[in-house]
Amino acid sequence: MTDVGSLGRLIVLVALGGPVVAGNEIARRDVHSHANPEQVRVTHLALDLRVDFRLRQLRGTAILDVARQPGAAPDAPLVLDTKGLAISAVTSGSESGAGVPLEFRLGKLDPVLGVPLNISLPASVKRVKIEYQTSPEASALQWLDPGRTAGKRQPFLFTQSEAIHARTWIPLQDSPGVRITYDATIRVPPDMTALMSAEHGPGENGVFRFRMTRAIPSYLIALAVGDVAFRPLGPRSGVYAERPVVEGAAYEFAETEAMITQTEKRYGPYRWGRYDLLVLPPSFPFGGMENPMLTFATPTVIAGDRSLISLVAHELAHSWSGNLVSNATWSDFWLNEGFTVYIERRVVEDVFGPERAAMEAAEGFHHLVQGLKRLPTRDQILHIDLSGRDPDEGLTEIAYEKGALFLSALEQAFGRIRFDRFLRGYFDHFAFRSITTADFEAYLKKHLLSEDAEAAAKVDVRQWLYEPGLPPHHPEPKSPRFEAVAQAARDWVDGKVTAREIPTARWSTHEWLHFLTALPEKLSVEKLGELDAAFQLTERKNCEIADLWLLIAIRNRYHPADARVDSFLTTIGRRKYVMPLYGALIETPEGRRHAEELFARARAFYHPITADSVARLLAADHPK
Ligand code: BES
Ligand code: ZN
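Residues numbered from 1 in each chain as written. Chains lettered and ligands numbered in written order. Predicted model: local features only at pLDDT ≥ 70, side-chain atom pairs only at ≥ 80, totals over all residues. Heavy atoms only, no water.

All right, on to the coordination of the zinc ion (ligand 2) then. Four donors placed tetrahedrally about a metal ideally form angles of 109.5 degrees, and six donors placed octahedrally ideally form angles of 90 or 180 degrees. The zinc ion (ligand 2) binds to the protein through H314 (NE2), H318 (NE2), E337 (OE) and E337 (OE); the donor distances cover 1.9 to 2.8 Å. Taken together, the six donor atoms surrounding the zinc ion (ligand 2) define angles of 52 to 160° at the centre, an arrangement classified as irregular. Mapping the donors of the zinc ion (ligand 2) onto the primary sequence gives the spacing H-x3-H-x18-E. When sorted by exposure, H314 lands in the same class as H318, which is buried. (Donors = N, O, S within 2.8 Å, 3.2 Å for Na, K, Ca; no water. Tetrahedral: all angles 85-135°; square planar, octahedral: opposite > 155°, others 65-115°. Buried < 20%, exposed > 50% of the residue type's maximum accessible area, 1.4 Å probe, protein only.)

Shown next as structure tokens:
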């Protein structure tokens, strides 16, 4: 969206809706969408897509139900978001195909937002049918050849729509402020299974049908196709994974049902029916993605000892914060992630005890402090201005950890009982709606701050929401277990004890992670060799531990870890792991050559989102 374009639309709004409505719309305007939901709003999507692995293409139809908004001009068109889609026909749509052609026009390409699809809409038309196909480069889609899967026999496809990738596989109003229901028919090759973020039957002859009856934002529409099996975890939960992985996954996620029950106790009923997980192949670019009814998860959480399953607590928490109450624009992303991290830690405390929750909070706070050192002030603000930028740039420690810390500050000021009651009421009040930071702020004032002036005086809400850095008197999460670990790290660094004398016997994964985090940036190759010999760090299967260790190894040119760096970076595509390792490699000229050589080999394996991030990193920092 160009400045002129959005200004033009605002002027139209002011003229039509009067200043009050327009004022509201201005605050809610999504600068990351070309769509015009304030005039014509999509309410339901019916997809019918064929999955073509040979052409790496989805093709078929999207039928959109549309509702002209009160006060909109009778000739207002329907404007949709698309990116890389080839549109072959647009008709006034009925499923029988009896519709009449509608005039349509593709607008100018914006490199971040894509291309607006402008469809003329006679006043009587309530349904629009679009015939289209995707591009093999669609950023939401990863197509994996059989060799890149665990099973090796069948290919695999999965989508990642958040933040604004849904428009690369479906023409729609790709804004989190627009909620739709959907149904879908997905046609796949024989012997393959299709899954979506929706209810579904068993599927027959390669045809799978889905139905999402609760209105969701477009970034939660998801599809995966592969050779997967299912194991139940509880009465309403289970896990899907490729066959060789599914037993391990069922063991790892056994505590899922307990987490669902506990989250319900605090924050109200789970309103989505089933909660299933899908374990993706290792190139999945994120840790997890909260697709409704079907969390997508990286296989790197399957550590064998259930040590990383707070990721499930996190994605599950999004069933309240994010999926039930959603950010209306990407500037409000902290409403999704900050709330979710806060709830995740409360549930971890309830289910796994306060020591584990304290460790996770302390680690999170440590990352926040690091983030504040790295990020420019404009990116330290919860209600972040992302205009003219890719919304993925808002994916930092600020939304997650500063957001969670703000809620902890409120909890401390008002006490758990009152704050829990407030949150419970918040989810009920805003259920199935998309809200802005201002909506939250108004609700907070009315239902919490106004109840107790003395407590309210302890939290400077405006500073938390709209200013960089941290307000004075912010909470400072601490963990006694971490303090012991940090002391052990200092003793070893100072040579007071040898590596074998460090009291690691009862350390959990979290303590190992903190130990590695607490080490100084620079360490000698001898010291690292001593640590490695004592604890086999280069060989660790736990990806969190391996990742931190390899980062230390690269920074200090500890070459015995080189082979693991190579295998790690060419078999795991999770962006959180991959990016820091490339970042460390390019610090030296020889490391840069190594990074470029690795990227050339790994690129085809990475998801487009990861590949794009690495490509930018390598290009941005290129020595002249
Ligand atoms: N919704 C996010 C992932 C996301 C955010 C994808 C923005 C694209 C754009 C998900 O809930 C998440 O936060 N995942 C984390 C793991 C979590 C345990 C902190 C991740 O992938 O690292
Ligand atoms: Zn999240």
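So that's the structure; there's more coming.
Moving on: the domain arrangement of the protein chain. Many authors give the size of an interface as the accessible area that is lost as the parts come together. Parsing the protein chain into structural domains produces domain 1 (33–135 + 162–174 + 178–212), domain 2 (328–466) and domain 3 (480–619). Taken together, the contacts link six residues of domain 1 with ten residues of domain 2. Both faces combined, the contact of domain 1 with domain 2 buries some 650 Å², and carbon together with sulfur accounts for 51% of it. The three residues of domain 1 that bury the most area against domain 2 are E162, A163 and R179, which together make up 65% of that side's buried surface. Counting every contact that joins domain 1 to domain 2 gives zero salt bridges. Grouping the amino acids of the side of domain 1 that touches domain 2 by side-chain chemistry returns three nonpolar, one polar and two charged. (Domains from an automatic or database assignment. Contact = heavy atoms within 4.5 Å. Buried area = accessible area lost by both parts, 1.4 Å probe. Salt bridge = Lys/Arg side-chain N within 4 Å of Asp/Glu carboxyl O. Nonpolar A, V, L, I, M, F, W, Y, C, P; charged D, E, K, R; others polar.)

This part takes up the site of ligand 1. By nearness alone, 17 residues border ligand 1, and E162, G287, E290, E315 and Y400 come closest of all. The contact in question runs from a nitrogen atom of ligand 1 to an N or O atom on the side chain of E162, over 2.8 Å. Here an oxygen atom of ligand 1 and a backbone polar atom of G287 are 2.5 Å apart. Relative to its free-state accessible area of 520 Å², ligand 1 is covered by the protein chains to the extent of 88%. Every element with two or more residues in the shell around ligand 1 is listed here: β18 (288–289), α4 (310–317) and α5 (333–352). When its residues are assigned to classes, the shell around ligand 1 shows seven nonpolar, five polar and five charged. (Near = heavy atom within 4 Å. Polar contact = N/O pair within 3.5 Å; in protein donor to acceptor, adjacent residues only side chain to side chain. Areas by Shrake-Rupley, 256 points an atom, 1.4 Å probe, with all protein chains shown as cover. Helix = DSSP H or I, 4+ residues; strand = E, 2+ residues; numbered from the N terminus.)

Okay, the side chain of H314 next. Relative to the assigned elements, H314 resides in helix α4. Judged by its relative accessible area of 9%, H314 falls in the buried class. Here H314 is in contact with E337, T340, V341, E344 and Y400, once residues within four sequence places are set aside.

Angle between the axes and distance between the axes are the two parameters that describe a pair of packed helices. The N-to-C vectors of helix α18 (residues 589–602) and helix α19 (residues 608–620) enclose an angle of 150°; their axes lie 11 Å apart at closest approach. With respect to their mutual orientation, α18 and α19 come out roughly antiparallel. In this structure, α18 meets α19 at a crossing whose hand is left-handed. Counted together, R592, A595, E596 and F599 of α18 and A611, V614, A615 and L618 of α19 form the full contact between these two elements. The residue inventory of the contact of α18 with α19, partitioned by class, reads six nonpolar, no polar and two charged. (Axes fitted to C-alpha atoms, helices over the stretch in contact; angles between N-to-C directions. Parallel < 35°, antiparallel > 145°, perpendicular 65-115°, else oblique. Left-handed = near helix turned anticlockwise from the far one by under 90°.)

The final tally for this structure, using the stated rule, is two cavities of 30 Å³ or more. Put simply, the largest cavity is a space of about 70 Å³. Elements supplying a minimum of two residues to the lining of the largest cavity: α5 and α7 (397–414). Classifying every residue of the lining of the largest cavity gives eight nonpolar, three polar and two charged. Its volume calculated, the second largest cavity comes out at about 30 Å³. Considering the residues around the second largest cavity, the lining is formed by V42, L172, Q173, V178, I180 and S218. Split into classes, the residues belonging to the lining of the second largest cavity amount to four nonpolar, two polar and no charged. (1 Å grid on protein atoms, 1.4 Å probe; cavity = no way out; pocket = protein on both sides within 12 Å on 5 of 7 lines; lining within 4 Å. Points joined across faces, edges and corners; volume = space filled by probe spheres on them.)

Below, the discussion takes up the nonpolar core. Across soluble globular proteins, nonpolar side chains show a tendency to be buried alongside one another. In terms of nonpolar packing, the biggest core is built from 148 residues, with W169 and F406 touching the most fellow members. Taken domain by domain, this core gets at least three of its residues from each of domain 1 (33–135 + 162–174 + 178–212) and domain 2 (328–466). Residues contacting F406, with those up to four places away along its chain left out, are W334, L382, F440, L444, V459, V461, W464 and L465. (Core = buried A, V, L, I, M, F, W, Y, C linked by side-chain atoms within 4.5 Å.)

This brings us to the sheet that holds strand β16 (residues 237–242). The strands making up a sheet are joined through hydrogen bonds of the backbone, oriented either antiparallel or parallel. Spatial ordering of the open sheet is given by β15-β16-β17-β19-β18, a layout of five strands whose pairing is mixed. The open sheet has two edge strands, β15 (228–234) and β18, and neither has a second partner. When β15 meets β16, the two strands line up antiparallel, connected through six bridges. Pairing of G234 across the sheet is with S237, part of β16. In the packing of α4 onto the sheet, the strands contacted are β17 (275–279), β18 and β19 (294–297), and the crossing angle to β17 comes to about 125°. (Pairing = 2+ DSSP bridges.)

Once that is clear, we can look at the environment of S450. Its location among the elements puts S450 in the loop between α9 (437–447) and α10 (453–456). According to the relative accessible area criterion, S450 is exposed, its value standing at 54%. With 215 residues separating them in the primary sequence, S450 and P235 have C-alpha atoms 42 Å apart. There is a polar contact of 2.9 Å between the side chain of S450 and the backbone oxygen of K446.

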